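So you can see what is in the structure, the chains are spelled out below.
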Amino acid sequence: LGDAQLRKMVMKFPQLLGCSIEDNLAPKLEWLQTRLELDAAQLKKLVVKKQQLLSYSVEDNMEPKLQWLQTRFHLDDAGLRMMVLRLPALLSYSVEANIQPKLGFFEEELGLSPSEVRASIVSSPARLGYSLKTRYRPRLEVCRAAGADPAIVLNSATTTDEQFCKRAGVPLAALRAAQETDVTVAVAPCKMVALSPAPRLAAPQVLDDAASAAAVLSYKHHEPHLLETAYADLARRGRLETQLSQHDQMMTATLPLVPRFLTILALAAAHSTLLTEGAAIARSLAADAGPSRPPRRSLVGTVEGYDVALLRDKLDGHERFSLILGNDRKKGAKAARILCEVDELAIHVRGVEVAEEQRGRGLAKLALGTLAALGVLVDADVRARPQTKPVVARALTSLGFRPVDASWPILIAPGAGGRTVVCPADPTDERVHFSFAQIRAQRLDVVAAPPPGAKPTFVRTAFVHPDTKALAATVPAEFYAARLLAFAGTVEAMRPRLLAQSSSLLL
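Residues numbered from 1 in each chain as written. Predicted model: local features only at pLDDT ≥ 70, side-chain atom pairs only at ≥ 80, totals over all residues. Heavy atoms only, no water.

Asks: Lay out the packing of aromatic side chains with the relevant residues and their values.
Replies: For the coordinates displayed, the defined rule picks out five aromatic pairs. Plain terms: the ring middles of Phe105 and Tyr136 are 6.2 Å apart, the flat faces sit at 45° to each other, and that makes the pair tilted. With a gap of 31 residues between them, Phe105 in helix H6 (residues 95-108) and Tyr136 in helix H8 (residues 132-146) connect regions that are remote in the sequence. You can call Phe105 buried: its relative accessible area is 3%. Centroid distance Phe321 to Phe487: 6.2 Å. Interplanar angle 75°. Geometry classified as edge-to-face. Of the two residues, Phe321 sits in strand S3 (residues 320-326) while Phe487 sits in helix H21 (residues 481-488), which places them 166 residues apart along the sequence. By relative accessible area, which is 1% here, Phe321 ends up buried. Following the ring pairs from residue to residue traces out a cluster consisting of Phe105, Phe106 and Tyr136. Taking the ring centre of Phe73 as reference, the NZ or CZ of Arg72 above it sits at 5.6 Å. In this structure, Lys102 packs its charged tip against the face of Tyr93, placed 5.5 Å from the ring centre. (Phe/Tyr/Trp six-rings, centres within 6.5 Å; stacked < 30°, edge-to-face > 60°. Helix = DSSP H or I, 4+ residues; strand = E, 2+ residues; numbered from the N terminus. Buried < 20%, exposed > 50% of the residue type's maximum accessible area, 1.4 Å probe, protein only. Lys NZ or Arg CZ within 6 Å of the ring centre and 35° of its normal.)

Dropping the structure here:
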């Protein structure tokens, strides 16, 4: 400790100076560090925040309380440590006179299920630090009078009165009156509502909460606010996977995007695999979120040493985007790029571009496989719009894409100086396969006889793939679920698929 910290601790708790080092301070510090598996920095954080812990009895207070917390909230050792570090004052609260009455209030008065209460408290233990008399009951009174969802009382516990009233849609004056009296305060519409269990969230609400929470966790402009919340440990710019064990990463890797994000969120914030807990945490993050300003370009993963980024289309960002592979973040260089369009059928490839200096390295195939992996996460097949570029058509064919119309077969081979040699697959086919503009722009050499090493493909046709999952399995793409959901949530054409995933969570 520095001199200033030591002075502050002694001024806040002068009794420290009367504690024996050998009989009190040293044994308790050692016990706390061992019991909660704290490193030196965590032990310092705990004691600086709550010096009174050093005056509590281990046998009569702290150990029984830790056991009760661990049992009541179904916590493993890591979950218990995180909960105490976030709210050291927990060890000073009476179970019978403080914690249990609050939990009973949350379940009986707010209508929340035990699992919802657990998820809310584990994700933000600070909610146990507020008074029933001055915080929770007055807020419930105005919610009842206004017909607002009582669940907002707990979800917005850490917000200021002004923020709470704005979210609940009630006047601040009504809340102030409720805080000063014990009677119900009428708020327009002046109708009392029977308090019943909180309704099950609809799929749009689950998705909106998840996408909003993903944005809060991913985007830089939300970080200052995030660091002031109970979720400061999650401030990793959307890379929550870095907080998971290898086993947990493997377990979540096969899940669709929305349940994958919520499961990762539950694991990272509460050491739980319950989707209900992930949804509760997402709802809390969404409730505390300010306006979001999603960037046009977002880094969403990696594959074979390349960054995977998604770029929103300038003119039609609701349906079109680009998937980009790059390896120079500072310059934003694109090694490969796939132009994509989303509709109710699939994600369609509109075009594939590979930087000239990167050609011949299989980047077109890598990018297409990565797009397929993205498609699996959002439950979308990957198809291709009609292709006039033989190089792109060949890349599609080599990955197992099948032509919708096989009436324009060609053979293709690399030529000299970066050019491409093409010819009709049938030597008797005298049709014009490419315009002069296409030949010039694509640097094609059209010949009559098949060139050496020529490969078959098709042009002037759309392509479909029989098994997108099999295609996705050909590349080791790794996505950051929070960043991908934050981006996908703003692409309107993807919303039906994400809603379907959210609906499946409610079954």
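There's more to say after this.
Asks: Give a description of the pattern of salt bridges that names residues and reports values.
Replies: Under the criterion given, the structure shown has 16 salt bridges. Residue Glu63 is joined to Arg35 by a salt bridge in which the shortest nitrogen-to-oxygen separation is 2.9 Å. Of the two residues, Glu63 sits in helix H4 (residues 58-72) while Arg35 sits in helix H2 (residues 21-35), which places them 28 residues apart along the sequence. Assessed through its relative accessible area of 18%, Glu63 is described here as buried. Notably, a salt bridge pairs Glu37 with Arg81, separated by 3.7 Å at the nearest N-O pair. One end of the pair, Glu37, is in the loop between H2 and helix H3 (40-49); the other, Arg81, is in helix H5 (residues 77-86), with 44 residues separating them in the sequence. Linked by salt bridges that have partners in common, Arg139, Asp161, Glu162 and Arg176 make up one network. (Salt bridge = Lys/Arg side-chain N within 4 Å of Asp/Glu carboxyl O.)

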